[in-house]
Each structure stands twice: as C-alpha cells, then as structure tokens.
Amino acid sequence: MGKPTNLGSEAMFRLNIRLVDRSLRKTLSWQVLDPSHDAFGSFRNPSTLIHDQSFTCAMAGLYASAYFHPDSEFFRRQFLARRIEAISDYIVKVQHPDGSIDLSISNIWSAPDTGFAVRPISKAYRLLGSDFGKRDNRTCGNLATFLRKARRCLAHGKVHTPNHRWVVVAAMGEVNSLFPSKALRSASEDYLSEGIDVNKEGSYIYEKSNSIYNWISNKAIIDIAKYWERSDLLRYVRRNLDFMVFNVHPNGEVVDEYSRRQDRGTHTLLPSSAFDCYMQMALRDRNPIYGSMADLAFKLNLTRGISPAGYISRQQYWEFQGIPRSGLPLHYSRFFPVTGIVRIRNGDISATIMADNFNNFFTIRKGNVIIDSVKIRYNYWGWWNFNPKRIRVRDTTYELVDAFRGRTFHPGPKEVKLKANFKIIARIERLRGGFGIRLRTEGARNIVMQLELGIRPKGELSLKGEKHDLSRLRKSILFDSKQAVIEEGKDRILIDGGLVQHRIWDGWRGYDPWERYGKRTVGLLMTPISPVDMQIGLTAQ
C-alpha cells in the first residue's frame, strides 16, 4: 500500500483558490460587453468563435461563486455582478420555446445540455437569492425564468447517451427543489426505473469512460440522491469509486485504453471531477481510501496548474481534512470478468489486459516507457481485428481467443456466403519482471498477419544497433531482430521475439471508432504468416 496522504494546509487551500481565480480572469475578455451587440452577455469561444450558450451558462455559476467567496480576489466586486446580470439577460433571450439551449458543436435544442446548464444556473440563483434574502432583482428574475422554462425540456426532451439520463434526472431534481413540478417527478421516476448502468464490478457498462463520463454520472447520481431522496442509489457510486482505485496508472493517468468514448487513449490524469466525487463520498462515509483518492486527484491537478476544487468553502475544505486517510494499493492483480479486463500493478509497472475492445488487447508500462497498445490484424477476405470477447484466467496466465468463420458478399442481387476456419489464440503470462505473449493460430494457412506494439513517442527505441528518437518517428518500424529496447531516463522495456515474414500491412491499423481521439503512437510491427506459433517477451527494467 502507498503511504497515506493529507492535504491539510492553508497554502494548498489558497493555491486552489488562486488557480480558479486565474481561470476566471482568463474568461473576462471572452464576454461580449457591448450592449448593442446581438449576443450581449454571452461568451465567445476564442477557438471556435461561437457565442457558446452552454459555456455562458457555466460562467453564471463560476462568477457567482467567486463573487460570494471571501478568499477570492473577485469577492463582492460589483463589475462581476453586472457581468452576471448580462449573462442572465442573454440566456433567457436565446433559450428555445421548449426551454432548451444549444451546444453549438454538436447538440441543438438539447435536453441534456440544458441539464448540464441547470447546475451552474441554480447555483447562481441560490447564491444571489441568499444575499440578504433578495430574489426580486433582475438577475434572479432572469435565472428563475430560465429554470422554470427548462422544466418542459427536461421532462419531455430526448437524451442520446447513457450518462445524459442521470444528468437530466439530477437537473430535474434541482429545479424541482426550487420550482416543484409533478411532471419532473414523473419523468425522473421513468428514467430511474431503467436502472443505473453500473455492473457488479463497478464499471459503467455502456461507456466505460474512466476519465470523463464516470465522473459526470457519479456527480449526477450524488445529486439525485440529494434532491430525490434516493440515497439507495449511492451504492452505484461507491461501486465505481472502488473500481477506479484499480484503474489509475502509477503516474496518475486514468486507465482509458478500453473506453468507448472520446477519452480513449488520451492519457488523461485523474480529473478534478474525481476529486469532487471522492471528497463528497469521503465526507458521507468517512472512507479513508476515498479520502486518499481525493488527495491524489487534488495534487495531480494542482501540479498541472488546474484548480481541483473550484470555489470550495473553507468549512467544507477543513471538514474534509478531518477524514482519515489510508494508503492506496501499489501491488495487485485484479480480474474483472464482467467488464472484460485484468488490471495488474507492481510498483511502477502497470498493465491492462482487455477483451471486446475493438483492436487493443494489452498495454504495459514501466515508469515513463509506455506501450499503449498491442493489436493483431489479419487479412482473410479483407482486414480484420483480433477482438476476443472474453478472458480465460488460470493462475498467472490469461488466454484470449478469436475466430473468423466467414464473410457474406453482395456481388449482385444474391448473397454469397464464404465459409472460413481461422482461430487466433493469444496467451499472456505474468513473468518475473514482465510478461510473455504466446501467439498461435489454428485452421487456415497462408494468412498474412500483423502484430503491432503501439509505443508512446517518448524516449529512444534501440533496434539492430540503431537508436531512434521516438518523438520524431512518424512511421511504423518493422521488428525483424531478436530484441528491441525502449528507454526513457532510467526506465526500460526489453522486447524479444521480432519476426518479419512479409511486407503486407494494413495502413488503417484496425477499426476503432474512438481511436481518432487518442494520441499518436509509434508502431513496432511483426508480420507472421499462418500457421503461427511465436513468443514475444516484454521485460520491464
């Protein structure tokens, strides 16, 4: 177990507030302050040049929080109050007749994006309304109009991703707490009757998005428990928080290699939203592991100059410091059969074995040397992925099997079905200091294959006496020698078992609908021809 940590420091608290103040200061120049402008009060995204309705709503909550936070440089600054009033004018102006707003990059007349907007708008309304008990001012009137009008959209609008359900139910609960509505309660009960999409191991089954949508769903369910008095649903949050303890790499990156959303392969550190979820549940449960995970997220975000806690109150911050802490696990092997993954960690060595994951079935890292993917493709009436549907575990061996049984063509009005018989077996074995991968085939002969190790472009690759700067390589390299070495500082991974039997390979590198969001890797290619029985060694030093 890692050593317990604790944030308890006035300096840490003040640094967090300074960072969120800095973020706010950056947005000041983005707001349209010309009263004659059609989008007066909105924020124009400097990247897209769009007057962003969703972001503008978010700024209402941020600016109101800063205005009322005694440790913020913007505390009681009247110019900020005027800006919040301008925001409120804009959002009621652009809100659609059904109560919805737009997310211009993708979602128009969007119920879920209205749901996301409710939290900051409600926060601003509550804060401003609590200021000497006044809610009869123009700003509060606009915010109330927005929230009342949003009720129709939230109750009757459509969602299009799994996490949207819980965002909308949480938003309905928050609006209902201010402006009660039987329609909101009924719609919430309908959504909740579908059941929360967390499996018994703690993974969100549809999205598996450990760096984005897990935390959106967790935060929403925490709000649902509060506003709809459904504390029984917190068991799903706890499951996911427990699961995530084993889904963080040694450097703080979230395990995103099996995500089914746009965080796949993005190498994201444990986000600030994780801090919020772990902190809230640590306060509720006094769970020392949750306290330590919250500390980890807090420190990781501070290190990269991001406020992890926003305008957290002093009272809540110091209450959180009273939670006991526990060391986090540094050595483990955990099989999650329903999710279809194995997570292995031994100090600074971390590995993930994955089933039903499009085209990536294994990753390994030693410190700063990282192999982000191991993929197999084969050409049998077109290129296909090796994509096993389950992992068979026996002691320290993990077997993955995939078979190709044929393909249907449509050369004319009639279907043509061509049968095939080809099986690939990948057996991964934990060894002292690393792993061995035995790759075998059964059935059809003369099938050209490619096995690619996707190396993160950091450090050097040594191959046949030559050193390659991985940060400069823009193409894959054939591995046709006995050994290759990846080095970055003091970290090394030795790769044994290179094999090149052909020079036919698939430039697409395998179908993966989310791969376009991931970061670049350098491919180290092996190209066997069936029948295959080969051994690859991966030794971390």
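You'll find the structure just up there.
Here the structure is a predicted model, which is why all the values come from computation and not from measurement.

What counts as what
- Residues numbered from 1 in each chain as written.
- Predicted model: local features only at pLDDT ≥ 70, side-chain atom pairs only at ≥ 80, totals over all residues.
- Heavy atoms only, no water.
- Helix = DSSP H or I, 4+ residues; strand = E, 2+ residues; numbered from the N terminus.
- Rg over C-alpha atoms; globule rule 2.2 N^0.38 Å.
- Buried < 20%, exposed > 50% of the residue type's maximum accessible area, 1.4 Å probe, protein only.
- Contact = heavy atoms within 4.5 Å.
- Areas by Shrake-Rupley, 256 points an atom, 1.4 Å probe, with all protein chains shown as cover.
- Polar contact = N/O pair within 3.5 Å; in protein donor to acceptor, adjacent residues only side chain to side chain.
- Core = buried A, V, L, I, M, F, W, Y, C linked by side-chain atoms within 4.5 Å.
- Pairing = 2+ DSSP bridges.
- Axes fitted to C-alpha atoms, helices over the stretch in contact; angles between N-to-C directions.
- Expected span 1.5 Å × (residues − 1).
- Phe/Tyr/Trp six-rings, centres within 6.5 Å; stacked < 30°, edge-to-face > 60°.
- Lys NZ or Arg CZ within 6 Å of the ring centre and 35° of its normal.

*Asks:* Teacher, can you tell me more about the overall build of the protein chain here?
*Replies:* Looking only at helices and strands, one finds 12 helices and 20 strands in the protein chain. Expected size for 541 residues packed as a compact globule is a radius of gyration near 24 Å; at 26 Å, the protein chain falls within 12% of this value. Dimensions along the principal axes, computed over C-alpha positions, put the protein chain at roughly 80 × 65 × 45 Å. The buried share of the protein chain, reckoned over its 541 residues, is 56%. A sequence separation of at least 24 residues applies to 66% of the contacts in the protein chain between residues at least 6 apart. For the protein chain, the computed accessible surface area is about 23900 Å², with 50% contributed by carbon and sulfur atoms.

*Asks:* Quick question: what am I supposed to make of the side chain of S100 here?
*Replies:* Structurally, S100 can be placed in the loop between helix 3 (78-94) and strand 1 (101-103). Its relative accessible area of 0% is what places S100 among the buried residues. A distance of 2.7 Å separates a polar atom in the side chain of S100 from a polar atom in the side chain of D98. With sequence-adjacent residues up to four places away left out, S100 is seen in contact with Q95, W109, S110, T114 and C153.

*Asks:* I'm lost on the nonpolar core in this one. Help?
*Replies:* Note on soluble globular proteins: their nonpolar side chains tend to be buried together. If you look at the biggest cluster of nonpolar residues, it comprises 102 residues, and the most contacted ones within it are L24, Y63, L147, L154, M172, L270 and Y278. Discounting residues that sit within four places of it in the chain, Y278 has contacts with W215, L241, M244, V245, Y290, M293 and A294.

*Asks:* Looking at this structure, how should I read the sheet that holds strand 9 (residues 392-394)?
*Replies:* Note on sheets: strands pair through backbone hydrogen bonds, and any given pair is parallel or antiparallel. Reading across the sheet, the nine strands line up as 9-10-11-12-20-18-17-14-15 and stay open at both edges, with antiparallel pairing between neighbours. The outermost strands of the open sheet, each flanked by one partner alone, are strand 9 and strand 15 (466-469). When the angles between neighbouring strand axes are averaged without regard to direction, this sheet yields 20°. Bridging between strand 14 (residues 460-463) and strand 15 involves four bridges; their strand directions are antiparallel.

*Asks:* Where do I start with unusual backbone geometry in this structure?
*Replies:* Negative phi characterises most residues that are not glycine, and trans characterises most peptide bonds. The peptide bond linking S530 to P531 adopts the cis configuration, its omega dihedral lying at 5°. Its identity is not glycine, yet L49 carries a phi of approximately 65°, on the positive side. Within the fold, L49 resides in the loop between helix 1 (10-27) and helix 2 (53-67). For L49, a relative accessible area of 47% corresponds to the partly exposed category. In this structure, N446 is a non-glycine residue whose phi angle is positive, near 65°. Looking at where N446 falls in the secondary structure, it is placed in the loop between strand 12 (434-443) and strand 13 (448-455). Its relative accessible area of 64% is what places N446 among the exposed residues.

*Asks:* Any chance you could explain helix 11 (residues 288-303) here in plain terms?
*Replies:* Three or four residues apart is the spacing at which side chains of an α-helix point the same way, because the helix has 3.6 residues per turn. Taking 1.5 Å as the rise per residue, helix 11 with 16 residues should run 22 Å; its terminal C-alpha atoms sit 23 Å apart, in good agreement. Extensive coverage of helix 11 is indicated by the burial of 12 of its 16 residues. Those residues of helix 11 not exposed but buried are I289, Y290, G291, S292, M293, A294, D295, A297, F298, L300, N301 and L302. Buried residues along helix 11 sit in contact with helix 1, helix 9 (234-244), helix 10 (272-285) and helix 12 (314-321). The N-cap of helix 11, judged by a side-chain oxygen 2.9 Å from the amide nitrogen of I289 a few residues on, is N287. Two residues or fewer after helix 11 comes G305, characterised by a positive phi angle close to 80°.

*Asks:* Explanation requested: the packing of aromatic side chains in the structure shown.
*Replies:* Two aromatic rings, taken as a pair, are described by how far apart their centres are and by the angle between their planes. Under the criterion given, the structure shown has 24 aromatic pairs. For the pair Y125 and F179, a centre-to-centre distance of 5.8 Å together with 50° between the ring planes defines the contact as tilted. On the criterion of sequence distance, the pair formed by Y125 in helix 4 (residues 111-130) and F179 in the loop between helix 6 (162-178) and helix 7 (182-192) is long-range, its members being 54 residues apart. The burial state of Y125 is the same as that of F179; both residues are buried. Ring pairs connect the aromatic residues Y378, Y380, W381, W384, F404, F409 and F422, which therefore count as one cluster. Note that R325 overlies the ring of F320, its terminal NZ or CZ placed 4.4 Å from the centroid.

*Asks:* Sorry, what's going on with the environment of R284 here?
*Replies:* Tracing the chain through its elements places R284 in helix 10. A sequence separation of 39 residues divides R284 from I323, and the C-alpha atoms of the two residues are 9.8 Å apart. If we ignore the near neighbours within four places in the chain, the residues touching R284 are S231, L234 and R238.

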